[in-house]
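Spelled out from the first residue to the last, the chains are:
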Amino acid sequence: MRTGEKKLNLDSWIEGAVNKIGGEVKNGRVIMALSGGVDSSVVCALLSRAVKGRFFPFFVDHGLVRAKDIERINSVFIKKLGVPVTILDESDRFLKRLEGVSDPERKRKIIGNEFIKVFVEAAGKIKNATHLAQGTILPDIEESAQNPKGKAKVKSHHNVGGLPEKLDLKLLEPLKDLYKDQVREVGMKLGLPEELIKQHPFPGPGLAVRIMGPVDRKKTAILNKSDAILDQELKRSGLYYSMWQAFCVFLPVKTVGVTEGERTYDNVIALRCVNSEDAMTASWTNIPNETLRRISKRIVKEVEGVNRVVMDITDKPPGTIEWE
Ligand code: XMP
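Keep in mind that what you see is a predicted model, and the values were worked out from it rather than measured.

### Section: unusual backbone geometry
Part 1 of the argument: Geometrically, the link from Lys316 to Pro317 is a cis peptide bond, its omega value of -15 degrees lying close to zero.
Part 2 of the argument: Following the sequence through the fold, Pro317 ends up in the segment after β9 (306-311).
Part 3 of the argument: With an omega dihedral of 10 degrees, the bond running from Pro317 to Pro318 counts as a cis peptide bond.
Part 4 of the argument: With respect to the element layout, Pro318 can be found in the segment after β9.
Part 5 of the argument: At Glu260, a position not held by glycine, the phi torsion is positive, near 45 degrees.
Part 6 of the argument: Along the polypeptide, Glu260 turns up in the loop between β6 (245-259) and β7 (262-275).
Part 7 of the argument: Judged by relative accessible area, which is 80%, Glu260 ranks as exposed.
Part 8 of the argument: Here the phi dihedral of Glu324 falls at roughly 60 degrees; this positive angle occurs in a residue that is not glycine.
Part 9 of the argument: As for its placement among the helices and strands, Glu324 is situated in the segment after β9.

### Side note on the state of the cysteines
In a disulfide, the sulfur atoms of two cysteines are held together by a covalent bond.
Part 1 of the argument: Under the definition given, this model contains zero disulfides.
Part 2 of the argument: With no disulfide of its own, Cys273 lies 7.8 Å from the sulfur of Cys248, the closest cysteine sulfur.

### With respect to the pattern of salt bridges
Part 1 of the argument: Enumeration according to the criterion identifies 27 salt bridges in this entry.
Part 2 of the argument: As a salt-bridge pair, Arg72 and Asp69 come within 3.6 Å of each other at their nearest N and O atoms. Residue Arg72 and its partner Asp69 are located together in helix α3 (residues 67-80), separated by three residues, close to a single helical turn. Summarising the burial analysis for this pair, Arg72 and Asp69 share the class buried.

### A word on the side chain of His62
Part 1 of the argument: With respect to the helices, strands and loops of the structure, His62 is situated in the loop between β2 (55-61) and α3.
Part 2 of the argument: For His62, the residues in contact, after removing those within four places along its chain, are Ser91, Phe94, Ile111, Gly204 and Pro205.

Definitions and cut-offs
Residues numbered from 1 in each chain as written. Predicted model: local features only at pLDDT ≥ 70, side-chain atom pairs only at ≥ 80, totals over all residues. Heavy atoms only, no water. Helix = DSSP H or I, 4+ residues; strand = E, 2+ residues; numbered from the N terminus. Buried < 20%, exposed > 50% of the residue type's maximum accessible area, 1.4 Å probe, protein only. Disulfide = S-S within 2.5 Å. Salt bridge = Lys/Arg side-chain N within 4 Å of Asp/Glu carboxyl O. Contact = heavy atoms within 4.5 Å.

Here's what the structure looks like:
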């Protein structure tokens, strides 16, 4: 807890937020882009209580999201909480625009611009929308104030910047006075599962910054499968929740290997596992050799197209967390 801060009374905070949102929205209609991350998920759960029947969240599948994110939108929001999230499969459109693009900044720009177009089109189908909800939290505001030239990248909200002006909607930011740990507490109280609430950060441009060079479906499938194995093994060994981030990176280099006596020539997966307080600095984590061995064996055995696993042992600085 930060100096001078009182513990949040969750029931009364939620009741207050629901009433405040209701008072602001009145008979209006609210839209939002749900990314599946902690902040937007908590906003989505809150809004679904505050403006029942007039809340229209979208999840944009840009082809670079993880399979587990889409599954979770279905199982948690649609099935468990009954929130009518529209999943827009726009993966063909994004992947086409990204064909042959290697430069990470160009990838981000293409995804960001296309995302805005998709969202504006989807919003246009909701007649008389009045508000746009966003998952801004207190550190986003503090970091933007310290860094007025550009929004701090770590907390940029999935490319939805600029949308309220474009759509002429009023902005709803119900979490803007909360720190991340408080957002998590509110989320748990609203019935979101621990697995969602305690998930590692996942960048808005998604797997695009974890595939070096041009992206395509084959590479995203390889990365998704490898990442699922890393995730399972770290959860199984009890290490996942003590780390800031753990993920796989797809390297477009081929190396020679041997599988069941046959020579292979396949891709490399790098493991990136770090500890951090705020993502500004980070140190690579120690993982027991047995766990590393299991992860590596499973990836090479279960993921077609990979015959080598390496580990990134670079702190930030001088490295960054994502490879881009
Ligand atoms: P780096 O790679 O700069 O990342 O050390 C610091 C933290 O920011 C996350 N990250 C992003 N998050 N959009 C996001 O929403 C992005 O474009 C983006 N780039 C990096 C990264 O995962 C890490 O937690």
